[in-house]
Amino acid sequence: MMTRRETVVQESKCLNCIAEVLLSDYSSVYYVDLVTGEYRWFSISEDHRSLQLEPMGTDFFEDMKRNTENVIYKDDVVTVRKALDRAVLAEQMKNGESRELPYRLIIRNKPVYHTMRIIRGSGDENYVIIGIRNVDTAHRAKEHTKNLETEIQSTRRMAKRDELTGVRNKNAFQEYRDCLEKKLQDRQEDFKVAVVVCDLNNLKTINDTRGHGVGDEFIQRASHQICEVFDHSPVFRVGGDEFVAILTDRDFEDREKLMSQMKDQVIRNQRYQIGPVIACGIASFDSEVDKDFGTLFERADRAMYQNKEDLKSMRIRDAVRSKQSVNRALPDSRRRKLDEWFEAAYTMAGEGYVFMTDMKYDCTRWSLPTVEDFDFPSEYIYHAREVFESIVHPDDLAIYRKAIEDVFSSSPELNRIWYRAKRYDGNYVQCTMRGFVLMDDKGEPEYFGGIILPDESASDRKNDD
């Protein structure tokens, strides 16, 4: 008759034999008594045996808390501990639940992917069997495939993006056009779409006289302006200086307002030389007129060329008016006086954008940082109010106009005001403006000067009443 020790040894050998047969799908198996905490561990994996875990013990849960610090990857420790909590396991086994948990074991100083499957013992909810499977090869193959697919998708997206501007390119436009063509051919009565064709004026002249670097910058600024106006629509760069926007939904409903906004900005850009001049035309789909997308596009293209001619005529008229206004130019004596006041203000300011205006001749001198940051044509600008209005955020125009009108209507004071102004890169910056008025010997406003302080991190503020 065998002793107790011999019985235990024989039982262990039997369990090991059984485990080796059943471990074909698992690297390790735990047998755990949920009531007493006793457990046994079986493994046929050299990697797992290298972890030097106890083959058996009297408190599985305490041993696991200790072992997880050494053998579980740091980012997975909390998850594994939670999964192996006694109360959690007991509740799951009581409800007949089984679960599979992915995690990483540290084997030979490297994280190796595994899954842990927890199932209830047959006919007994007081013990569980935990099977641990090495899935590192399969997981990494899956990750590699996933990364490869991501790279492919990224490459495909990049193939449809214009490198210079970041908007969609000609390839993407052709794809989008084919999709629209099918919808137009269906003649759906509720399908509403408009095409806007844009063309950057004078790009060749800019490239020839100022270099392709400046030309590229103008293309980028043109793209930014188009995207900003049609901000709910896809925009495509279909040529060197050609862009197309496809308007649907909200932008289609607001198309007249948006086109007016676009053209107003272009006129200001041209008149004051503060930004790209973009000719644009729009056509809305009409099933009685448009046979296909090509017909719709041609109508928008013709409208764009008409706008280009209008802008050219407007430029000629503005040039004539500019020549006619030469007689009203600031006299040398007044310019010297303007410069004196400007230099005094600039010296005292020490920072920010400094300006000084001769109110009799409506001529303003700006500090060089202002000219550079806001892309003004010169340090000296006539009718600077209109020029600056072109870069003030539309929501802040009323505040700005009222403040300036008060100054030019003989008000000696200018309350501090806050507004947003657009810089050369198309981004708005929060500005604080403080100003003062100098009177002539008759008590009438003669010079208006001040400082504009930019604050890109500023939050919205209320303006002085």
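Residues numbered from 1 in each chain as written. Predicted model: local features only at pLDDT ≥ 70, side-chain atom pairs only at ≥ 80, totals over all residues. Heavy atoms only, no water.

A. Spatial organisation of the overall build of the protein chain. Along the protein chain, the regular secondary structure elements total 16 helices and 16 strands. For the protein chain, the proportion of its 465 residues judged to be buried stands at 41%. The long-range fraction of contacts in the protein chain, counting pairs at least 24 apart against all pairs at least 6 apart in sequence, stands at 55%. (Helix = DSSP H or I, 4+ residues; strand = E, 2+ residues; numbered from the N terminus. Buried < 20%, exposed > 50% of the residue type's maximum accessible area, 1.4 Å probe, protein only. Contact = heavy atoms within 4.5 Å.)

B. Quick look at the sheet that holds strand β8 (residues 235–237). Read from one edge of the open sheet, four strands run β8-β9-β7-β10, paired in antiparallel fashion. For this open sheet the edge positions go to β8 and β10 (278–284), each flanked by a neighbour on one side alone. Neighbouring strand axes in the sheet, compared pairwise and without regard to direction, differ in orientation by 20° on average. Taken strand by strand, helix α11 (residues 255–272) contacts β7 (194–200), β9 (242–247) and β10, and its axis lies near 170° from that of β10. (Pairing = 2+ DSSP bridges. Axes fitted to C-alpha atoms, helices over the stretch in contact; angles between N-to-C directions.)

C. Seen up close, α11. For α11, spanning 18 residues, the distance from its first C-alpha to its last is 26 Å, which sits close to the expected 26 Å at 1.5 Å a residue. Among all positions of α11, only L258, M259, M262, Q265, V266, N269, Q270 and Y272 are buried. Two residues or fewer past α11, Q273 is found with a positive phi of approximately 55°. (Expected span 1.5 Å × (residues − 1).)

D. Region of interest: the packing of helix α9 (residues 212–229) against α11. Put simply, α9 and α11 touch, their axes get as near as 10 Å, and they point 150° apart. In terms of their interaxial angle, α9 and α11 are classed as roughly antiparallel. Here α9 runs over α11; the crossing is right-handed. Within the contact between the two elements, α9 uses Q225, I226 and V229 and α11 uses L258, Q261, M262, Q265, V266 and N269. Of the residues that constitute the contact of α9 with α11, the class distribution is five nonpolar, four polar and no charged. (Parallel < 35°, antiparallel > 145°, perpendicular 65-115°, else oblique. Left-handed = near helix turned anticlockwise from the far one by under 90°. Nonpolar A, V, L, I, M, F, W, Y, C, P; charged D, E, K, R; others polar.)

E. Highlighting α9. Taking 1.5 Å per residue as the helical rise, α9 with its 18 residues ought to reach 26 Å, and the 26 Å between its terminal C-alpha atoms agrees with that figure. Residues of α9 that are buried include every one of G215, F218, I219, R221, A222, S223, Q225, I226 and V229, and no others. On the buried face of α9, the contacting elements are β7, α8 (203–210), β8, β9, α11 and β10.

F. Up close: the pattern of salt bridges. For the coordinates displayed, the defined rule picks out 25 salt bridges. The partner of D75 in a salt bridge is K74, with the nearest N and O atoms 3.4 Å apart. Note that R365 is salt-bridged to D339, the shortest N-O span being 3.2 Å. Placement of R365 in strand β12 (residues 363–366) and of D339 in helix α13 (residues 332–349) is noted, with a sequence separation of 26 residues between them. Since its relative accessible area comes to 11%, R365 is described here as buried. (Salt bridge = Lys/Arg side-chain N within 4 Å of Asp/Glu carboxyl O.)

G. Structural view of the packing of aromatic side chains. Counted under the stated rule, the structure contains 24 aromatic pairs. Feature note: the residues Y353, F355, W366, F374, F376, F388, Y400, Y419 and F448 constitute an aromatic cluster, connected by ring pairs. The ring of Y26 carries the charged tip of R133 above its face, separated from the ring centre by 4.7 Å. Above the ring of Y380, the side-chain terminus of R335 is found at 4.2 Å from the ring centroid. (Phe/Tyr/Trp six-rings, centres within 6.5 Å; stacked < 30°, edge-to-face > 60°. Lys NZ or Arg CZ within 6 Å of the ring centre and 35° of its normal.)

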